[in-house]
Amino acid sequence: MPSLITSITSKTITRKTITRTSLAALFASCVAVSFTASALPAAPLKDVLSLKEACQQIAIEDQLPEAEVSAFLLDCVNDQLTEMGYERIASLD
């Protein structure tokens with residue numbers, strides 16, 4: 001009979017895997033953006049909000065200290081916006 005700790009650890013790992021896989025699928029679906037020599041376009045608000053939500057889930061699962069969450073969210077969202085061909089944002093407010 002598996003122990004409670006093994007069961008909880010297994011569920012946590014599965015949840016992290018599902019979240020990260022979902023996040024990767026979201027990013028992959030948006031990769032088909034053409035790049036030009038001009039300034040990058042601003043991302044639609046719905047995409048920014050979706051990325052923020054996914055990054056918040058990662059922060060929660062990774063149990064980041066509260067003091068680090070805001071910086072992590074902005075970096076996480078901006079990294080993905082850059083990969084998707086959008087301009088970076090200055091804040092998530």
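Nothing here was measured: the structure is a model prediction, and the numbers come from that model.

A. Region of interest: the overall build of the protein. Along the protein, the regular secondary structure elements total three helices and zero strands. Mapped from its N terminus to its C terminus, the protein presents α and β elements in the order α-α-α. Burial analysis of the protein (93 residues in total) assigns 26% to the buried set. Sequence separation of at least 24 residues holds for 67% of the intrachain contacts in the protein that already meet a minimum separation of 6. Of the accessible surface of the protein, which amounts to about 6500 Å², a share of 61% is contributed by carbon and sulfur atoms.

B. Here's a closer look at the packing of helix H2 (residues 45-61) against helix H3 (residues 66-83). Interhelical geometry of H2 versus H3 gives an angle of 130° and a closest axis separation of 9 Å. Judged on the interaxial angle alone, H3 and H2 are oblique. The handedness of the crossing between H2 and H3 comes out as right-handed. Residues Val48, Leu51, Lys52, Cys55, Gln56, Ile58 and Ala59 of H2 form the contact with H3, whose participating residues are Phe72, Leu73, Cys76, Val77, Gln80 and Leu81.

C. Broad picture of the pattern of salt bridges. On inspection of all chains with the given rule, the structure shows two salt bridges. Here Lys46 makes a salt bridge to Asp47, at a shortest N to O gap of 3.4 Å. The exposure class of Lys46 is exposed, given its relative accessible area of 62%. Two residues, Asp79 and Arg88, come together in a salt bridge whose shortest N-O distance is 3.9 Å.

D. Spotlight on the nonpolar core. Counting 12 residues, the largest nonpolar core consists of Ala43, Val48, Leu51, Cys55, Val69, Leu73, Cys76, Val77, Leu81, Met84, Tyr86 and Leu92. Counting residues per element, the ones that place at least two in this core are H2 and H3. Ignoring any residue separated from it by four or fewer positions in sequence, one finds Leu73 in contact with Lys52, Cys55, Gln56 and Leu92.

Cut-offs used in this document
- Residues numbered from 1 in each chain as written.
- Predicted model: local features only at pLDDT ≥ 70, side-chain atom pairs only at ≥ 80, totals over all residues.
- Heavy atoms only, no water.
- Helix = DSSP H or I, 4+ residues; strand = E, 2+ residues; numbered from the N terminus.
- Buried < 20%, exposed > 50% of the residue type's maximum accessible area, 1.4 Å probe, protein only.
- Contact = heavy atoms within 4.5 Å.
- Areas by Shrake-Rupley, 256 points an atom, 1.4 Å probe, with all protein chains shown as cover.
- Axes fitted to C-alpha atoms, helices over the stretch in contact; angles between N-to-C directions.
- Parallel < 35°, antiparallel > 145°, perpendicular 65-115°, else oblique.
- Left-handed = near helix turned anticlockwise from the far one by under 90°.
- Salt bridge = Lys/Arg side-chain N within 4 Å of Asp/Glu carboxyl O.
- Core = buried A, V, L, I, M, F, W, Y, C linked by side-chain atoms within 4.5 Å.

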